[in-house]
Each structure stands twice: as structure tokens, then as C-alpha cells.
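What the coordinates show
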Amino acid sequence: MKFIDEYRAAPAVLSALERLRRLATRPWNIMEICGGQTHAILRFGIDQLLPEGLRLIHGPGCPVCVTPASLIDAAIAMARTPGVILASFGDMIRVPGTRESLAEARSAGAGVRIVESPLAAVEMARRHPDAQVVFFGVGFENTAPATALAVSLAARQRVQNFSMLAAHVLVPPALEAILGAENCQVDGILAAGHVCAVEGERDYTRIAARYGTPIVVTGFEPLDLLCGILACVRQLEGGQAKVENAYRRAVRPAGNAKAQALVREVYEPADAIWRGIGLIPASGLRLREAYSDFDALLRFPSALREDSMQAGPCLAGQVLQGIIEPPACPAFGQACTPDHPLGAPMVSAEGACSAFYQYKRHVA
Amino acid sequence: MSPEFTLSCPLPLDASGRVQIGHGGGGRLTRDLIERIFAPAFGSRADTDAAVLALGGGQLAMTTDSFVVQPLFFPGGDIGSLAVHGTVNDLAMAGARPLALAAAFILEEGLPLETVARVAASMAEAARRCGVRILTGDTKVVERGRGDGLFITTTGVGALVAPAPLEPSRVEAGDALLVSGDIARHGIAVMASREGLEFESRIESDSAPIHEEVMTLIGEGVELHCLRDCTRGGLATALIEIAGAAQMDFQVDEQQIAVRGDVRAACELLGFDPLYVANEGRFAAIVSAGCAERALEILRRNRPEAAIIGTVLGRGSGRLTAKGPLGAVRVLDLLSGEQLPRIC
């Protein structure tokens, strides 16, 4: 498979590891931002192969995991409304809200459907003119163009029974929240390649300079990840802190102008609550005034209730910020498992806790 | 002690207390359902897909399976041929030669009769090819909206041919793990067809009868210890179930497991692990180490992608591990329910 096999080939990966071993002279903590990267690291056992002292911290980059319970509750309330179909990406439906998940709500009769694309939800609305179709728009900057396209298409084609529950989150504000925290243990950052493919490197240049932290744009295959880690360690060992692109086959410095224009046309920045972390200013997206007809929160105004940040044995917030590793949480693998998740990172396959549970439980 | 206080009293399976789609996914939720409700209620074990009954002088294997696939017709097969192959294959996994089937249909009001006729013709053709007869059946119709077009349940009986029972308790340290061909085609074919996903090449289901291969393995004297068809939950789930029941640790080498390029690409796109994607014409075989090469040669007569993929390490907690392309080892666990397409 082109663009996959050559980036998984053992000789290339092992030679990169050898170079890394020669390069790293002291312990470093590197955070990979994206859950897709976490998944690949654990699936291919890259963390087992790294030189001693080099630690990967799994960042907050699972958009499904950081979606606040209040928005999941709102999605459930909409799905329970007669005549409403709540369309969602698959991994969102098992994430617990305050009391239940969309999957559990579906088993009790709520209208929940899994789709692979936001455009499929628009099509569903067209085919069911008597129903209200709401798309649960979750994801980082890389998913926002697709949901923006769905809203813009629905507006142009006057698909009035379609609306968007926008729950997008943005990486740079979260990155600043992590790097600016007092107990921050992160020395270097692997930025999410797909997010940068859309938004480019711009925001990261400022952040790298401000916090003195190297940021390397990194892909998702084993060799991509090692190239990212190599570049990051090279900077750390050399006392540098700049933005570097280790994913050039996909990312241009300015990103994808067309996608950016579409997102800016439909959305504007807004404060957002990150599950387990709290409110981060200007870290989300909401529909602009011109598209407010398609805003599900306005169409179903009683669906959204105030977020209740749960306290309890689950330490998801500290996991998402890289302060602790999942097995250090007292609930991990005990009260909290993929079948009975207490915190969101245990639900999605990309969540740090679930990935640990699936691939590394024998170590814990 | 009053009946309310028996330990087999069904516990709530999860917070919701309701059946979820995941309970049918073949993973942990399915296992919970069986272990906590069905097995205690029926007082029978649940670690094989077919039961063996002594009858007169001989031994009969018996099994049943329900088919709820959507769409009813998909590339490489349809619900009718699937309903025949699935039950024939479950009998084969017990080491039995399939003899006869019964079929029960639940039809939804409004379903075109032409669809019923096509499915019936497909079943008849599949049964003819498998050398079994469909001897009896039943039909029920539910109101429109109370079924999904057409559900089929097939029940089969077969004559036991294997010289010794094929079950997890016979698995020994050092046994070889084999798979009878490339994996993950059926799940991807059905998913692509249901969701309207189009790939450069058409991915067809692997739906096929596998009893002839099993009969040949037995006929040529291969010492089989356990067989499992890699249906719902895929190859990984089949091996995890056997390892768990046998309390033996298994290890597979991922590089030995064949996945066609287009199937692998579709899995990458959807975020699926092919090891957990359904097959309908592939099985895992656990054979004594000395017979591994002969078993492989027999399986490759049908499909050159058949392979020896791993070994039984020894007694343990019943864990399946996979050695990846970089040499690192990961644990493969039962999934909670079905695999869900990932967001990015």
C-alpha cells in the first residue's frame, strides 16, 4: 500500500531508532498531540523501542475525549426529541455523557445514526424531509472543513431540516494551556500532521518561541513518528526551539488555503470547555451569524444544560495534560474499563487510557 | 436458599440495563450476555459453536445461527448463501460432515416476494454445492417497521468425522496456529456496500463453505486440536476465545497474516484493525506441531494465502499477543462491541 508500507518498513524504522539512540544524551519528555499518533505508537510498540529516558506523553489530542459531557447530554436530548435523527461519527456514540452515552440512549429508542461523513448527514436530511437531522460536529481543525462544507451545502441547497451541533476544538489554544501550566513536564511537542495540513504552521511558530519549546509537525506512521521524535530530540539536544516540518508529504507551511477559507466563512472562534481540562478561551468554533439558522443549539434551545465537571476517582484531566500516565490513575483497569468507562480517554480507541488498556495492560 | 439468592441470578450487564448493538458484536459484551444470562439459564457451556450428541452408535453435531445482515445482497454473496455457509461451517468446526439444515424466516410486511425468491434460490444453490439438504423450515411475518426486511435462522446437523473432539481443552503447548486464507474481506465488503463506500476495486465477501477443507485435513490424518471460524469479531476474537477457554497463551506474528491490499487500505481508511474484521469463509486451526506443515500444504491447495501464523506458548492466563513488524509485542484483547469507524 503506497504511502503506508514504506513508512512501516522495519529496516528504515530500526535505522531511525539507531540514530535516535546515538543522538539522545539525556532524558526528554515529548508530547504527541494527536490520539491517532498515540494509537500508532502503542499499536507498533514504538514506546517499547525508544532509548531509555526518552518518554512520550500522550496529549489531549482526541477530540472525542475532550468533548464536554454537557454537549453529549445536549446531543442525547436532541436525539430523544421525536422526529430528530442525531448523526455522528462512530467513536462518539460510546462516550459517556453525564448519565449515559448516545449508544445507550439509542438502545432506549433515541434516534442516533452513525455516518462516515458530514455530507452523508446532509444527504440523510434531504431523503427524510419530515425529520430533523442534526450532525454532531466533533473534531480538530482537520475535521472542521468537512463540517463547514456540510453547513455551506445545506445553506446553498436550502436543506432546512439539517443543523450542526458544533463541538470543534482547536489545538493551539490547548497547547498554550499545557505549556503555560505551572507543573508542565513537556520538553518538546509533536504537532498533529493532519491538523497542520489544514491550518499550516503559523500559530506554532509563535508558540514555540514564546514557551521555548520545539514543535515538530509529525505524521502518523511509525517512520513518520520516529522522524518527528528525531527532529525534536535534535533540537532539544542543540538547545533550539523552533517549528520544524517532519511531514512534508502532507503539510505545506501555509496549510490548505481553500479549507481555511471555508472554515472561516462558516465558523468563528469561541470559548470552549474541554472535558477534564476546563474552559480554554477561543479554543472552539461556533457558527457565524449568517449560518445561525443551521445551529442545532439555537434550533433546540432547551437541549443544552450547564456542564457539571465530575469529581471522583477518574483522573482524566491529569492524563490529558500529560501529568500522569493512565495506569497511575486509581480507577484505571479497575472501576474504569472500555466497557464501563468513567472518563472519556477510556472510550475512544484513540483515548490515551483505552490505548493503554488495549495494548499495555500487561505492563500495568 | 431461595431461588433469588443463587449466584447465577442475572446481573445488570451495564449501567443502561438494556440490550445495545454491541451485545451482538462478538466481543466482551456478547460474552457477558452469554456468561451471565444464557449459560446459567440453560446450564450449558458456551465455548464451542456446535454441540456434539451421542445418538445410537454414532455421534451427531448440532448448531444454529441467525443472520441479520444488511444489505441483504452484497458483493460476493447474500443473506441466503450466508445462512447456509454459516451453519455448514459451524458444523465443520466441530469436525462434522454437514448432513441437513432447517431454516426459519422472519419476513417484514411489504418485502417484495421477488426478494424472498432470490434469497431462497441462493440458499438452494449454496446447499446443493455444500451437499446438504434443507429439510424443514418455518415462516413468520412481522408488521412493517418491526423487522429489517428479512431475518434467517438456520439449524444444522452433521455426522461427526473427527476421531477426537475438537475443543479448547485439547490445545497443547507448542501447537501451531494456522489461518485458512487472507482475512477481513466479508466485514469490509458488507460495510462498504451498506455505507455506499466505493474503492478502486470491488471488495467481495469471502463467504464460502469450508467443510471440504476440514474433511480433507481429517481424512489425511492431520492431528487437529481445535478449529474456529473467524466470523463476527474476526481472527483475533476466534483465537482469544480459544486461548481463554484453554487457559493457554498464544502468540501470532502479524506479518504472516495475509490481508489483501485493497482490504488493508479500506481498514486504514476506516480505522479498523483487520484482525477483528468479520470473515465468512476462513477458519483458524490449532494443530499439533508435527502436523503443521502438512496442514498448511492442504489448506494452500485451496488458498495460497493460508499460513502458519503463530504458536501456542504454554499454560497461562489465556492471553493472545501479536508480534508486530517492528518486533514489538502487543496484547490483543476482546473488543467491547463492534469496531466503529474513527473520526480522523
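Being a predicted model, the structure only gives us computed values, none of them experimental.

Quick notes on the environment of L53(B)
Residue and element names in this part refer to chain B. Locating L53 in the fold gives a position in strand β1 (residues 51-55). Taking C-alpha positions, L53 is 14 Å from T64, a pair spaced 11 residues apart along the chain. Ignoring sequence-local partners within four residues, the contact set of L53 consists of G58, Q59, L60 and M62.

Focus on the packing of helix α4 (residues 185-195) of chain B against helix α7 (residues 261-270) of chain B
For any two helices packed against each other, one specifies the inter-axial angle together with the distance between the axes. All names here are of chain B. Relative orientation of the contacting elements α4 and α7 amounts to 60°, with a least axis distance of 10 Å. With respect to each other, α4 and α7 are oriented oblique. Classified by chirality, the crossing of α7 by α4 is left-handed. Side by side, α4 and α7 meet where R185, I188 and M191 of the first sit next to V263, A266, C267 and L270 of the second. In terms of residue class, the contact of α4 with α7 is built from six nonpolar, no polar and one charged.

Concerning the packing of helix α8 (residues 144-156) of chain A against helix α13 (residues 257-266) of chain A
Residue and element names in this part refer to chain A. Orientation of α8 relative to α13, taken along the N-to-C sense of each, is 55°, at an axis distance of 9 Å. With respect to each other, α8 and α13 are oriented oblique. Once α8 is placed against α13, the crossing between them reads as left-handed. Where α8 approaches α13, its residues A144, P145, A148, L149, V151 and S152 are matched on the opposing element by A259, L262, V263 and V266. By residue class, the composition of the contact of α8 with α13 is nine nonpolar, one polar and no charged.

Digging into the domain arrangement of chain B
Often the size quoted for an interface is simply the accessible area lost on bringing the parts together. Residue and element names in this part refer to chain B. Taken as a whole, chain B is organised into domain 1 (50-160) and domain 2 (168-332). Its C-alpha centre places domain 1 at a distance of 24 Å from the equivalent point of domain 2. The interface of domain 1 with domain 2 comprises 20 residues on the first partner and 23 residues on the second. Together, the buried faces of domain 1 and domain 2 total about 1800 Å²; carbon and sulfur atoms form 63% of this surface. The three residues of domain 1 that bury the most area against domain 2 are P75, N89 and M93, which together make up 34% of that side's buried surface. Inspection of the domain 1/domain 2 interface yields zero salt bridges.

How each quantity is defined
Residues numbered from 1 in each chain as written. Chains lettered and ligands numbered in written order. Predicted model: local features only at pLDDT ≥ 70, side-chain atom pairs only at ≥ 80, totals over all residues. Heavy atoms only, no water. Helix = DSSP H or I, 4+ residues; strand = E, 2+ residues; numbered from the N terminus. Contact = heavy atoms within 4.5 Å. Axes fitted to C-alpha atoms, helices over the stretch in contact; angles between N-to-C directions. Parallel < 35°, antiparallel > 145°, perpendicular 65-115°, else oblique. Left-handed = near helix turned anticlockwise from the far one by under 90°. Nonpolar A, V, L, I, M, F, W, Y, C, P; charged D, E, K, R; others polar. Domains from an automatic or database assignment. Buried area = accessible area lost by both parts, 1.4 Å probe. Salt bridge = Lys/Arg side-chain N within 4 Å of Asp/Glu carboxyl O.

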